[in-house]
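Spelled out, the chains give:
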Protein chains: 2
Amino acid sequence: MSTEKHILHYETSAPKDKPAADDPLAFGTIFTDHMFVMDYTDGTGWHDPRIEPYKPFLLDPAAIVLHYGQTVFEGLKAYLNEDKEVVLFRPEENMKRLNRSNDRLCMPMFDEKFVLSALKELISLDKDWIPDREGTSLYVRPFIFATQPYLGVAPSKTYRLMIILSPVGPYYKEGVNPVKIAVESQYVRAAVGGTGSAKTAGNYAGAMKAQEVAEAEGYSQVLWLDAKEHRYIEEVGAMNVFFKINGEIITPSLNGSILEGITRKSVIELLIDWDIPITERKVSIDEIMEANRAGTLEEAFGTGTAAVISPIGELFYDGEKCEINHNEIGELSLKLYETITGIQTGKVEDPYNWVVPVD
Amino acid sequence: MSTEKHILHYETSAPKDKPAADDPLAFGTIFTDHMFVMDYTDGTGWHDPRIEPYKPFLLDPAAIVLHYGQTVFEGLKAYLNEDKEVVLFRPEENMKRLNRSNDRLCMPMFDEKFVLSALKELISLDKDWIPDREGTSLYVRPFIFATQPYLGVAPSKTYRLMIILSPVGPYYKEGVNPVKIAVESQYVRAAVGGTGSAKTAGNYAGAMKAQEVAEAEGYSQVLWLDAKEHRYIEEVGAMNVFFKINGEIITPSLNGSILEGITRKSVIELLIDWDIPITERKVSIDEIMEANRAGTLEEAFGTGTAAVISPIGELFYDGEKCEINHNEIGELSLKLYETITGIQTGKVEDPYNWVVPVD
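Residues numbered from 1 in each chain as written. Chains lettered and ligands numbered in written order. Predicted model: local features only at pLDDT ≥ 70, side-chain atom pairs only at ≥ 80, totals over all residues. Heavy atoms only, no water.

Concerning the interface of chain B and chain A
And step 1. Contacts between the two partners involve 58 residues from chain B, matched on the other side by 58 residues from chain A.
And step 2. Approximately 4800 Å² of surface area, both sides summed, lies buried where chain B meets chain A, with 68% of it carried by carbon and sulfur atoms.
And step 3. Taken together, chain B and chain A are joined by two salt bridges.
And step 4. Lys 209 of chain A serves as the salt-bridge partner of Asp 103 of chain B, at 3.2 Å between the closest nitrogen and oxygen.
And step 5. Elements with a contribution of two residues or more to the side of chain B that touches chain A: β4 (57-59), α1 (64-68), β5 (71-73), α2 (91-104), β8 (137-146), β9 (158-168) and α4 (201-216) of chain B.
And step 6. Ranked by residues supplied to the side of chain B that touches chain A, first place goes to α4 of chain B with eight residues.
And step 7. Looking at the side of chain B that touches chain A residue by residue, the classes come out as 37 nonpolar, 13 polar and eight charged. (Contact = heavy atoms within 4.5 Å. Buried area = accessible area lost by both parts, 1.4 Å probe. Salt bridge = Lys/Arg side-chain N within 4 Å of Asp/Glu carboxyl O. Helix = DSSP H or I, 4+ residues; strand = E, 2+ residues; numbered from the N terminus. Nonpolar A, V, L, I, M, F, W, Y, C, P; charged D, E, K, R; others polar.)

Have a look at this one:
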């Protein structure tokens, strides 16, 4: 792996204009001056790590990624904390998961420590792009895709790993607002034995249709049920999901078709630390609707890197509307949101060593 | 759609060397001099159809296809028939299916007649690339992918449609040989409600792991079971599958997770025409293993564009090996193979008007 250790720099001679201080920074639309690139060739391994100006690259029309979807990605954020230091939240978890996704997609493993150091080096170089208004951050997107020009259905012999950076505005423009969710009764996100627990393109491509239908009917996202019985809850939109019933927190157990969310993991660890009962188990939509009828469904929320905590104000299932906590954010949801975002930005102490400095 | 009608030609000034007459033409590795390209922009529709030299193109690192897998494709073949005319096999079916795949992936429809005419124009231009040895053909790959640089999970606002051509050798080097198939007990190709009936990248990416495991154990492909009960047969490798039991032909009915194969459709139509009983229904792996034990499982075969008919000589399931027709190609499998390839190459009369001339 010695070829990996030296990162060449080809820095831009024409830096782009940075967004204005009051730019709303629509998610995932603005990219910084540089990107990290590293290539893989069967027999050689990962080679030629480099930082280059952000720009389009040449891809063969027969590249496997375009036809057979061998590609995995991660999403994390860099923050400017209270002391104007650049920090990351549990980035080693993203590196681990990216390699787990690689394994599922028959793609080559990489050296997690090296790529994390490259990621930090890239962020340091473009740190002037990190916005510092409340709730803003630098979204970091590592991804790997198959580049071999070959139309046979087989794992590629060449790959490219890239990291790109995008300054993003606050997820919530006016406080943390609950969303309306439609329980998906026709489409399926992933099946046990499929790719649901990997962060790979096909899971997202297949989910767009259900999202389109839900939006047309006035809902923000869909609640996904399992592929087998269409009864057990899996995820909400592209987030993990939690319910508070009678003081107990419940989240679907990791069954192979659910993404192992890093915010999910952090929420569970916080709840354990706070001595709040948390159970990972199968949870059916019927149980949730019944708890709502009985008045014991106290809170529901999604967890993910983008929103951190996204309260669910209403569920629509099988003709029945279920309003949760009067369509307001719950006490626990708010406490989790404030704790995690507080740790990320340095406003709240970090006894877990979740925050990692970039420099 | 008037913008679509005129195809600009930018022909190569440096034609590549064509493969030697005895080149084995490994599948999907050699590409012709030209490709067809057309772009889509929300609000404008499909525009700028053109034929260009085959070459890598520029793609933004944030292009949606690389992250969220919005991409669909087709595969068909052009043949030089007995009279040295260039012909296609039911290409309008590929155009229809490509648009159905588009719909499932929230991608824009295209004018099927226009793209078929563009496909013919491209093949005509590169017709000297079509090999003429027994069993060879020109593989034609139309595909469409999302190009918008955007990291939000939403349908792209821009797309590219391309058609590339690849001369390919015979699928069978030494006659039609049966293959050994492992029944897949862990992984799942697709679930009802997922993308299994669309020809989209994610289905293929997710299938590679099972294929890798099967190959390591000495099998050519896997037989996929359903996601719900892991009991009903869906596909074999990337092909549809047929069984002959007691003189009756059975194939899994299209349930939403099975690809609507064009060779599958042609086989069914031939069997009906030949007055051979053909039933589309759910078929369990237990039923097949039981029929084998009872001696009534006469033939089994996969169907697809690449192999046309691929006889199954052995199934391995749950510790039990099931040899089919003494690991030899069955009489009906051979008749189907010879009829379809005969129609494709003009050796057999085509009463169904399946063959379409390119010029």
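Structural notes on the side chain of Ser 137 of chain B
And step 1. By the element assignment, Ser 137 of chain B lies in strand β8.
And step 2. You can call Ser 137 of chain B buried: its relative accessible area is 1%. (Buried < 20%, exposed > 50% of the residue type's maximum accessible area, 1.4 Å probe, protein only.)

Notes on the domain arrangement of chain A
Residues and elements named next belong to chain A.
And step 1. If you check the domain split of chain A, you get domain 1 (2-168) and domain 2 (179-345).
And step 2. Contact with domain 1, which involves 21 residues of that partner, is made by 21 residues of domain 2.
And step 3. When domain 1 packs against domain 2, the two sides together hide about 1900 Å² of surface, and 56% of this comes from carbon and sulfur.
And step 4. The largest contributions to the domain 1 side of the interface with domain 2 come from Phe 73, Phe 89 and Arg 97, which together make up 32% of the buried area. (Domains from an automatic or database assignment.)

Quick notes on the packing of α2 of chain B against helix α3 (residues 112-125) of chain B
Residues and elements named next belong to chain B.
And step 1. Running from N to C, α2 and α3 point in directions that differ by 125°, and their axes come no closer than 10 Å. With respect to their mutual orientation, α2 and α3 come out oblique. The crossing of α2 and α3 is right-handed. Between α2, through Pro 91, Glu 92, Met 95, Lys 96 and Asn 99, and α3, the contact on the second element is made entirely by Glu 112, Val 115, Leu 116 and Leu 119.
And step 2. Partitioned by chemical class, the residues of the contact of α2 with α3 number five nonpolar, one polar and three charged. (Axes fitted to C-alpha atoms, helices over the stretch in contact; angles between N-to-C directions. Parallel < 35°, antiparallel > 145°, perpendicular 65-115°, else oblique. Left-handed = near helix turned anticlockwise from the far one by under 90°.)

So, the packing of helix α5 (residues 262-273) of chain B against helix α7 (residues 331-345) of chain B
Each pair of packed helices can be described by the angle between their axes along with the distance between the axes.
Residues and elements named next belong to chain B.
And step 1. Viewed as axis vectors pointing N to C, α5 and α7 meet at an angle of 110°, and their least axial separation amounts to 11 Å. Classified by the angle their axes make, α5 and α7 are roughly perpendicular. Contacts from Thr 263, Val 267, Leu 270 and Leu 271 in α5 reach Leu 332, Leu 336, Thr 339 and Ile 340 in α7.
And step 2. Partitioned by chemical class, the residues of the contact of α5 with α7 number six nonpolar, two polar and no charged.

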